[in-house]
Amino acid sequence: MASLKHFINGRWETGVTLGTSENPSDLADTVAEFARADAAQTEAAIRAAADAREDWAHSTPQRRFEVLDAIGTEVLARKEELGRLLAREEGKTLPEAVGETARAGQIFKFFAAEALRIPGEKQTSVRPGVEVDITREPVGVVGLIAPWNFPLAIPAWKIAPALAYGNTVVFKPAELVPACGAALAEIISRAGLPAGAFNLVMGSGRLVGQTIVDSPLVDAISFTGSVSVGQGLLKAAAARQARVQLEMGGKNPLVVLDDAELDRAVDCAVQGSFYSTGQRCTASSRIIVTAGIFDRFAAALRERTRALVVDHALKRGTEIGPVVSQAQLDQNLAYLEIGRAEGAEWLAGGERLQRDTRGHYMSPALFVAEPQHRIAREEIFGPVACLIRANDYEHALALANDTPFGLCAGICTTSLKHAAHFRRHAQVGMVMVNLPTAGVDFHVPFGGRKGSSYGPREQGRHAVEFYTTVKTAYIQA
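The notes below deal with the structure included here.

Here we come to empty space enclosed by the protein. Within this structure, the stated rule accounts for one cavity of 30 Å³ or more. Roughly 100 Å³ of internal volume is contained in the largest cavity. Of the residues that constitute the lining of the largest cavity, the class distribution is four nonpolar, six polar and four charged.

Have a look at this one:
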């Protein structure tokens, strides 16, 4: 069992109290014992980042490139080892976990290159003899609060651009996955950053997270997590005019039209709804199917859902791992009871499962629901999907947009006309055509609209909008 410490001002420190993380595939396996910070220790990390900001902000692009490239190289070289840790602590299947680890390494490599090409502009002034330079500078100290469901990739896509653009970092991983956060921090700690430029503090959101949000020394906060926490964070940060970036979830539609290729559409639904145990903000939790294909699609999806192999995340052949925690499992099962009580038609799954090891196992659940049912409107964040019948394309589009969320939407169709119209009229930040809603590239923008996201996009070159501020300089020659 690993014993994890905070990383503050270039040193590893013990915490005020201790917590443990467990293996959701095998509750007898304690993954790590980790230090929990209090407010004073969190404030020390913030002060260290503030003290280091001038040094790192004025570092050369070459230095930043070398640091980030070294981090990415080591993550990629150790992807099997780190992927195994991720699968053990979070419950993703091993192939998914190794894939996520590789993505984290690729993100650091991408932003290493971006550090060499931070954009700027030269404009001609309206006044004779005056030149105008527009440059980007780091925001300052950024607080990064990451969730448990992608414990390497999401921290990477926050930490890498923050450092690439010259900011200093205070990073808080989720308490369910401290070993993943600490493993990434250990690699970063040896990459050549000045003391204080990167800090890891572990602990609860109510204490550590709130201290980061409230600190006047923290210039910007990037948060991925629940809607309720994100909305509270936004109010607190706005009171002191801190910059905020939020990713808060989704209730993503996958529209299947009569002309869709049935096998492809079923595959998109299974992957989007149930892989990663449905614990993705981009998961297809609402599958909207037009009348002409509904019965055939529902029968095929039911058969595929029932055939999915649920087992230990490290076991060869496992397609769906365990739910991450007892609390999440209880929430999933509670929503199934709500669905039944409201009159949703059960098609498959939703049972607690027993395996060779004691873990948080449940079979993926599939219902036929009405648009007003809570299981079809509220984010469950588990392997639960609802089929919703639509009359035609126009009705399907209206149902897809009838949600307070707007992260991702997909459509399965062979009609170029409908695909093009859906791309334009889906009220989301990301659209997938004949692809699962869950599954995005590391070098392009990620984010949504409405209640899903707030602030500039994450990932890709668009990350510069959050992690830098613009300065305009006028020069009389």
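On we go from here.
As a further point, take the layout of surface pockets. Approximately 1200 Å³ is the volume found for the largest pocket. Counting only elements with at least two residues in the lining of the largest pocket, the list comes to α7 (205-214), β11 (220-224), α8 (227-239) and α11 (326-342). Of the residues assigned to the lining of the largest pocket, the class counts are 20 nonpolar, 15 polar and six charged. Computed from the structure, the second largest pocket encloses a volume of approximately 300 Å³. Elements with a minimum of two residues in the lining of the second largest pocket: α4 (94-114) and α5 (153-164).

Before going further, it helps to spend a moment on the environment of Ala-197. By the element assignment, Ala-197 lies in the loop between α6 (178-189) and β10 (198-200). Distance in space between the C-alpha atoms of Ala-197 and Thr-168 is 4.5 Å, their sequence separation being 29 residues. Ignoring anything within four residues of it in the chain, the contact list for Ala-197 reads Ala-52, Trp-56, Leu-163, Thr-168 and Val-169.

Once that is clear, we can look at the pattern of salt bridges. Should the charged atoms of two oppositely charged side chains come close, the side chains can pair. Here the structure, examined in full by the defined rule, presents 26 salt bridges. A salt bridge links Glu-186 to Arg-78; its shortest N-O distance comes to 3.8 Å. Of this pair, Glu-186 sits in helix α6 while Arg-78 is found in the loop between α2 (61-77) and α3 (79-90), placing the two residues 108 residues apart along the sequence. For Glu-186, the salt bridge identified is with Arg-190, shortest N-O distance 2.7 Å. Taking the relative accessible area as the measure of exposure, Glu-186 reaches 28% and is therefore partly exposed.

Summarising burial for strand β8 (residues 141-145): five of the five residues are buried, a large majority. Covered by surrounding structure in β8 are Val-141, Gly-143 and Ile-145 together with Val-142 and Leu-144, the residues of both alternating faces. Two strands pair when backbone bridges link them, and β8 and strand β9 (residues 168-172) are joined in this way by five bridges, in the parallel orientation. The residue of β9 that forms the bridge with Leu-144 is Phe-171.

Of all hydrophobic cores here, the largest spans 70 residues; its most connected members are Leu-68, Ile-71, Phe-108, Phe-111, Ile-159 and Phe-198. By residue number, the principal contributor to this core is α5, which donates nine residues. Beyond its immediate sequence surroundings of up to four residues, Phe-198 is in contact with Phe-7, Ile-159, Val-169, Phe-171, Ala-185, Ile-188 and Leu-193.

Attention now moves to the sheet that holds strand β1 (residues 2-4). Strands in a sheet are paired, the pairing made by backbone hydrogen bonds, and the direction either parallel or antiparallel. What the three strands build is an open sheet, ordered β1-β5-β4; its pairing is mixed. Each having just a single partner strand, β1 and β4 (17-23) make up the two edges of the open sheet. Each strand of the sheet is rotated relative to its neighbour by a mean of 30°, with strand direction disregarded. For β4 and strand β5 (residues 26-36), the ladder comprises seven bridges, and the chain directions are antiparallel. Looking at the pairing, Ser-21 lines up with Ala-32 of β5. Where α3 meets the sheet, it contacts β4 and β5, and its direction lies at approximately 105° from that of β5.

Quick look at the pairing of strand β17 (residues 384-390) now. Across the seven residues that make up β17, a large majority, six, are buried. One ladder, built from five bridges, connects strand β14 (residues 284-290) with β17; its direction is parallel. Across the sheet, residue Arg-286 finds its bridge partner in β17, namely Cys-386. Relative to β17, strand β16 (residues 365-368) runs parallel, the two being bridged by four bridges. Paired with Ala-365 across the bridge in β17 is Val-384.

This part covers the packing of helix α1 (residues 39-57) against α2. Across the interface, α1 lies against α2 with an axial gap of 10 Å and an inter-helix angle of 115°. Here α1 is positioned roughly perpendicular relative to α2, judged by the angle of their axes. Residues Asp-55, Trp-56 and Ala-57 of α1 form the contact with α2, whose own contacting residues are Arg-63, Arg-64 and Val-67. Partitioned by chemical class, the residues of the contact of α1 with α2 number three nonpolar, no polar and three charged.

On to the packing of aromatic side chains, then. Taken as a whole and assessed by the stated rule, the structure comprises seven aromatic pairs. Geometrically, the ring pair formed by Phe-110 and Phe-111 is edge-to-face, given 5.0 Å between the ring centres and 90° between the ring planes. In terms of burial, Phe-110 and Phe-111 fall into one category: buried. A ring pair is formed by Phe-171 and Phe-198, whose centres lie 6.4 Å apart and whose planes are at 35°; its orientation type is tilted. A residue pair is termed long-range when its members are at least 10 positions apart, and Phe-171 in strand β9 and Phe-198 in strand β10 qualify at 27 residues. Judged by relative accessible area, which is 1%, Phe-171 ranks as buried. Look at Phe-198 and you get buried, because its relative accessible area is 2%. Over the face of the ring belonging to Phe-150 we find Lys-92, whose NZ or CZ atom lies 3.9 Å from the ring centre.

A word on the side chain of Glu-458. Among the structural elements, Glu-458 can be located in the loop between β22 (453-454) and α14 (464-467). The class of Glu-458 is buried, set by a relative accessible area of 1%. Looking at Glu-458, its side chain comes within polar contact range of the side chain of Lys-158, at 2.9 Å. If near-sequence neighbours (up to four positions away) are discounted, Glu-458 is found in contact with Trp-157, Lys-158, Ser-222, Thr-224, Gln-245, Glu-247, Val-444, Pro-445 and Phe-446.

Cut-offs and rules
- Residues numbered from 1 in each chain as written.
- Predicted model: local features only at pLDDT ≥ 70, side-chain atom pairs only at ≥ 80, totals over all residues.
- Heavy atoms only, no water.
- 1 Å grid on protein atoms, 1.4 Å probe; cavity = no way out; pocket = protein on both sides within 12 Å on 5 of 7 lines; lining within 4 Å.
- Points joined across faces, edges and corners; volume = space filled by probe spheres on them.
- Nonpolar A, V, L, I, M, F, W, Y, C, P; charged D, E, K, R; others polar.
- Helix = DSSP H or I, 4+ residues; strand = E, 2+ residues; numbered from the N terminus.
- Contact = heavy atoms within 4.5 Å.
- Salt bridge = Lys/Arg side-chain N within 4 Å of Asp/Glu carboxyl O.
- Buried < 20%, exposed > 50% of the residue type's maximum accessible area, 1.4 Å probe, protein only.
- Pairing = 2+ DSSP bridges.
- Core = buried A, V, L, I, M, F, W, Y, C linked by side-chain atoms within 4.5 Å.
- Axes fitted to C-alpha atoms, helices over the stretch in contact; angles between N-to-C directions.
- Parallel < 35°, antiparallel > 145°, perpendicular 65-115°, else oblique.
- Phe/Tyr/Trp six-rings, centres within 6.5 Å; stacked < 30°, edge-to-face > 60°.
- Lys NZ or Arg CZ within 6 Å of the ring centre and 35° of its normal.
- Polar contact = N/O pair within 3.5 Å; in protein donor to acceptor, adjacent residues only side chain to side chain.

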